[in-house]
Amino acid sequence: PSTGSWRLVGTSAEGLLCHKPCTVSGGGKSEISKLITDAMSDGPIVTADFAADMAAVRQIIEKNYGSRFKDPKENHGNKSRSILSPKRSLGSVIKLLSPSPLNTDEYNGWLASIPERVKAMVFLVKRFYREEWGNDWESHFSTDVVNGSAGNVVKYQGRPVQASYLRVGFTPEGFRSIHKLRQDYMPARKIQWEDDISASVLVPKAALQWLPDGLKGSAVKFSRNCEARFFQRPDDAVHRGYDKQAEADMARMDNFISNFEPLSRSKAKDMLEHTLELSEYTEPMRTMITEAEADERFRWFVVSSKPRMVDGKPSKNPRYLQLDSNYTRPIDRYLAEIGARLFRQVPDDMHLYQPVGAVLPGRRNNPPEPEAGIRPLAVYAPIHYQELPELFMDFICSLTGKSPSTTGAGSEGALTKGPFNALVPTADLNASLLGFILGGYDGFTTAAGYIGHKHKVEHDVSLLVPELWSRLSPEERDPVFLKQAGYLERVEDFEWNGKTIPASRLGWRITPLFTSHFLGRMFDAPSAVFPIEVLRPELQSMEYFADGVLNIAEAQERAARDYLADGSIYNAIPPLAAILHIMANGNWNGKTLQDPELRRLFDPEYVLSSPWYKQRLTAYANSERARLENAERYLSAFLSAPAGRDQKELTRVERELIQVQKRLEHIAKPSYIDSLAGTIGLDTEFVEAER
């Protein structure tokens with residue numbers, strides 16, 4: 001994107017709506033919707049010795065790759081496609097030159113011997129290669145001659161080639177871990193759909209038309225934001241020019257800002273004199289600082305890189321309210337919706353349904369801080385998949401590492417917002433669990449903060465995952481496929497210092513094969529993005545890994561015992577009650593977490609045919625009938641005393657009464673309850689409350 005050259009960009013007509021619920025403080029909820037371009041940097045492609053590197057490139061291009069696989073059945077001998085073949089894509093070449101457990105050890109060893117700059121040159125040649133060049137592709141690439149010697153900046157057709165790079169965490173030594181993006185990589189366009197407070201509903205698919213492809217369950221979830229502004233914490237804005245969106249937002253004159261240092265007008269003058277620092281801000285922030293200094297009416301202002309000083313230290317919890325971009329840039333939302341409408345062929349007089357397509361919660365992880373009494377909680381790999389029992393054990397506890405927005409680590413309560421909800425916690429958990437089961441949604445969780453005690457990733461994985469997910473097909477996002485193909489590996493229990501460590505609660509995590517194949521759609525060197533000790537954090541420290549898993553298990557036990565102690569477990573639907581007992585006591589009716597009878601409780605077929613689910617549907621039907629009958633009485637009474645009332649109002653009420661009566665006739669039909677199958681029904685707790 002930084003080159004300024006013209007290109008054709010292929011666009012997917014159907015976007016992917018990523019939903020990030022139940023995310024603990026600091027888990028990267030906002031980052032799922034931020035443009036990844038803010039985290040990207042640009043620079044030229046350089047070579048150490050152009051002639052030698054190009055010779056190495058030719059050897060790689062002309063090599064036969066027909067015997068690289070461990071499985072002889074996968075090899076093609078001399079029939080293997082060449083790197084420059086039009087039948088082989090750039091992604092295929094990146095996969096070809098990435099280490100993989102499917103390759104022979106000898107081949108992986110050869111790949112390890114190739115400098116990354118040489119691989120980048122191979123990908124560059126593949127990116128620009130034209131069939132009419134034949135074998136004469138070297139003449140299209142060059143470097144300048146500087147002081148009589150070949151330079152280091154690579155050129156294509158006489159112009160320098162710009163490359164894009166992305167930070168993905170930090171090295172154990174604290175350096176930024178920068179990775180080169182593919183030469184044909186284009187960032188996804190994003191529209192923020194929701195923030196802290198949203199409403200959702202589960203609707204049976206049978207009741208809807210023109211839904212997008214790839215929806216697995218019998219129902220679909222719809223989510224909608226409840227506010228016009230988003231509550232943002234721009235952690236990376238402390239780096240001048242990094243968070244471009246935050247700087248543009250905070251340069252506006254209609255902001256609500258908290259925990260940023262108030263700066264006097266004289267400070268603006270000082271900032272203008274520090275030209276180099278000023279130039280690092282984006283244009284909107286520079287303009288705001290300049291105007292603050294020039295306008296005598298300015299008394300105070302704030303800048304994105306200066307949080308409020310608290311006890312001599314910058315606050316780690318700066319906040320501002322961001323105006324929903326759907327109001328400031330409505331064209332983005334319009335284009336996304338019109339593309340989907342045309343692709344699905346939805347008539348223009350019908351509503352376009354945009355259901356949740358992927359559920360991607362986040363976790364906040366931290367290394368141990370013994371002096372503060374904080375235990376390790378960095379046992380998760382970059383991406384985990386958990387089946388519903390393990391996933392909801394996490395949700396119920398909502399254990400968070402040390403976050404800038406909290407006073408310390410610990411459990412935040414069910415679905416993370418327990419202190420703000422007056423309902424019995426099992427009511428929300430019942431509804432959420434039914435949404436996952438009946439909607440067929442899978443829980444893929446992403447790491448924020450740390451992965452293991454050595455690798456700090458902040459929110460870089462949260463930014464990365466939507467880019468990756470938008471490039472996966474529905475099949476490739478299916479955990480059944482990912483398990484069978486070796487893209488996910490199960491984490492198993494193990495013994496450590498005489499204790500059983502229940503690591504299987506972590507579910508499944510991505511493998512080197514996953515990174516090699518799928519991250520290759522974004523990066524030149526996908527296998528380098530997540531080293532093996534990031535994919536398997538126990539390799540950093542088995543002691544910290546074991547204690548981190550125990551930290552989770554013990555916190556889950558404490559959280560579940562509260563449900564048993566206060567009696568709210570009696571309002572839990574059977575699958576939820578089962579895992580609460582597992583969390584608190586280690587068993588449910590003598591069954592362990594892996595017992596097939598327990599796990600059957602989470603099958604959609606079991607739920608749809610169970611008496612307790614039918615009771616929820618009946619409760620909803622009865623409640624809806626009572627609500628409509630009450631409305632009918634009220635509207636009839638209103639119309640029975642028309643004296644002094646406006647005729648337009650009377651006409652409107654007559655229409656509403658007819659609608660209510662039609663609705664009552666509809667729900668009186670025996671088939672009405674059957675039509676509710678796939679919804680969450682009504683929690684019986686509320687039925688008792690109404691009585």
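Before reading further, recall that the structure is shown in the block above.
Summarised in this report is the structure supplied together with it. (Residues numbered from 1 in each chain as written. Predicted model: local features only at pLDDT ≥ 70, side-chain atom pairs only at ≥ 80, totals over all residues. Heavy atoms only, no water.)

1. Some thoughts on the pattern of salt bridges
Part 1 of the reasoning: The full count for this structure, using the stated rule, is 40 salt bridges.
Part 2 of the reasoning: In this structure, Glu-387 engages Lys-483 in a salt bridge whose closest nitrogen and oxygen atoms are separated by 2.7 Å. Placement of Glu-387 in the loop between strand E21 (383–386) and helix H11 (388–397) and of Lys-483 in helix H14 (residues 479–484) is noted, with a sequence separation of 96 residues between them.
Part 3 of the reasoning: When salt bridges that share partners are traced, they join Glu-387, Glu-390, Lys-483 and Arg-599 into one network. (Salt bridge = Lys/Arg side-chain N within 4 Å of Asp/Glu carboxyl O. Helix = DSSP H or I, 4+ residues; strand = E, 2+ residues; numbered from the N terminus.)

2. Overview of the environment of Pro-115
Part 1 of the reasoning: In this fold, Pro-115 is placed in the loop between helix H3 (105–112) and helix H4 (116–128).
Part 2 of the reasoning: Residues Pro-115 and Ala-56, 59 residues apart in the sequence, show an inter-C-alpha distance of 9.7 Å.

3. Considerations on the packing of aromatic side chains
Part 1 of the reasoning: Within the structure shown, the criterion is met by 20 aromatic pairs.
Part 2 of the reasoning: Between Phe-128 and Tyr-156, the ring centres sit 4.1 Å apart and the planes meet at 15°, which makes this aromatic pair stacked. On the criterion of sequence distance, the pair formed by Phe-128 in helix H4 and Tyr-156 in strand E6 (residues 155–156) is long-range, its members being 28 residues apart.
Part 3 of the reasoning: Geometrically, the ring pair formed by Phe-395 and Phe-436 is tilted, given 6.0 Å between the ring centres and 55° between the ring planes. Residue Phe-395 is found in helix H11, and its partner Phe-436 is found in helix H12 (residues 425–439); the two are separated by 41 residues along the sequence. (Phe/Tyr/Trp six-rings, centres within 6.5 Å; stacked < 30°, edge-to-face > 60°.)

4. Concerning the side chain of Asn-571
Part 1 of the reasoning: Inspection of the secondary structure puts Asn-571 in the loop between helix H18 (542–565) and helix H19 (574–585).
Part 2 of the reasoning: Side chain to side chain, Asn-571 and Thr-426 meet in a polar contact 3.4 Å long. (Polar contact = N/O pair within 3.5 Å; in protein donor to acceptor, adjacent residues only side chain to side chain.)

5. Quick look at the sheet that holds strand E7 (residues 159–160)
Part 1 of the reasoning: Read across the open sheet, the three strands follow the order E3-E6-E7; overall the sheet is antiparallel. The strands lining the two open edges of the sheet, one partner per strand, are strand E3 (141–142) and E7.
Part 2 of the reasoning: Both E6 and E7 contribute to a ladder of two bridges, which runs antiparallel. Across the sheet, the residue bridging to Lys-155 is Pro-160, located in E7. (Pairing = 2+ DSSP bridges.)

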